[in-house]
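# Report on the structure
Now for the letters of each chain:
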Amino acid sequence: MDFPPAFLDIVKNIFKRLFRVYAHIYHAHLEMIESLGEQKHLNTCFKHFLMFSLEFQLIDKREMAPLAKLIEQFEQRP
């Protein structure tokens, strides 16, 4: 079965929206996540999402601006 012609655009839109969910979590709910001791889990999930997104160029760099500092930290760590 072939993918529809707009498949890549659809995937990019989904990833852009998922990124916004992560941005919201980090900006509005990080304190609660930390109080539950779940920050490492959040960071791991986000880092996997981020690396996949970057590898396949699914999110424009301008869209990532709200979490630029965090992304820089993740890109510098092995």
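Just above, that's the structure.
Residues numbered from 1 in each chain as written. Predicted model: local features only at pLDDT ≥ 70, side-chain atom pairs only at ≥ 80, totals over all residues. Heavy atoms only, no water.

## Some points on the packing of aromatic side chains
Taken as a whole and assessed by the stated rule, the structure comprises 10 aromatic pairs. With a centroid separation of 5.2 Å and 10° between ring planes, the pair formed by phenylalanine 15 and phenylalanine 49 is classed as stacked. Here phenylalanine 15 is found in helix H1 (residues 7-28), whereas its partner phenylalanine 49 is found in helix H3 (residues 39-55), with 34 residues between them in sequence. Taken together, a centroid distance of 5.2 Å and an interplanar angle of 40° make the contact between tyrosine 22 and phenylalanine 49 tilted. Placement of the pair is tyrosine 22 in helix H1 and phenylalanine 49 in helix H3, with a sequence separation of 27 residues. (Phe/Tyr/Trp six-rings, centres within 6.5 Å; stacked < 30°, edge-to-face > 60°. Helix = DSSP H or I, 4+ residues; strand = E, 2+ residues; numbered from the N terminus.)

## What to know about H1
Between the first and last C-alpha of H1 there are 32 Å, a value that for 22 residues agrees with the 32 Å anticipated at 1.5 Å per step. Those residues of H1 not exposed but buried are Val11, Phe15, Phe19, Tyr22, Ala23 and Tyr26. Buried residues in H1, looked at end-on, bunch into an arc of 120°, giving them a common side. Exposed side of H1, more than 90 degrees from the buried face: Asp9, Arg17 and His27 are the residues found there. Buried residues in H1 make contact with helix H2 (30-35), H3 and helix H4 (68-76). (Expected span 1.5 Å × (residues − 1). Buried < 20%, exposed > 50% of the residue type's maximum accessible area, 1.4 Å probe, protein only. Arc of directions from axis to C-beta. Contact = heavy atoms within 4.5 Å.)

## Some thoughts on the pattern of salt bridges
Within this structure, the stated rule accounts for three salt bridges. Glutamate 63 is paired through a salt bridge with arginine 20; the nearest N and O atoms lie 3.3 Å apart. Taken as a pair, glutamate 63 in the loop between H3 and H4 and arginine 20 in helix H1 lie far apart in primary sequence, 43 residues in all. You can call arginine 20 partly exposed: its relative accessible area is 46%. Salt-bridge contacts for glutamate 75 lead to lysine 61; the nearest nitrogen and oxygen are separated by 3.7 Å. Separated by 14 residues along the polypeptide, glutamate 75 in helix H4 and lysine 61 in the loop between H3 and H4 bring together distant segments of the chain. Taking relative accessible area as the criterion, glutamate 75 reaches 40% and is therefore assigned partly exposed. (Salt bridge = Lys/Arg side-chain N within 4 Å of Asp/Glu carboxyl O.)

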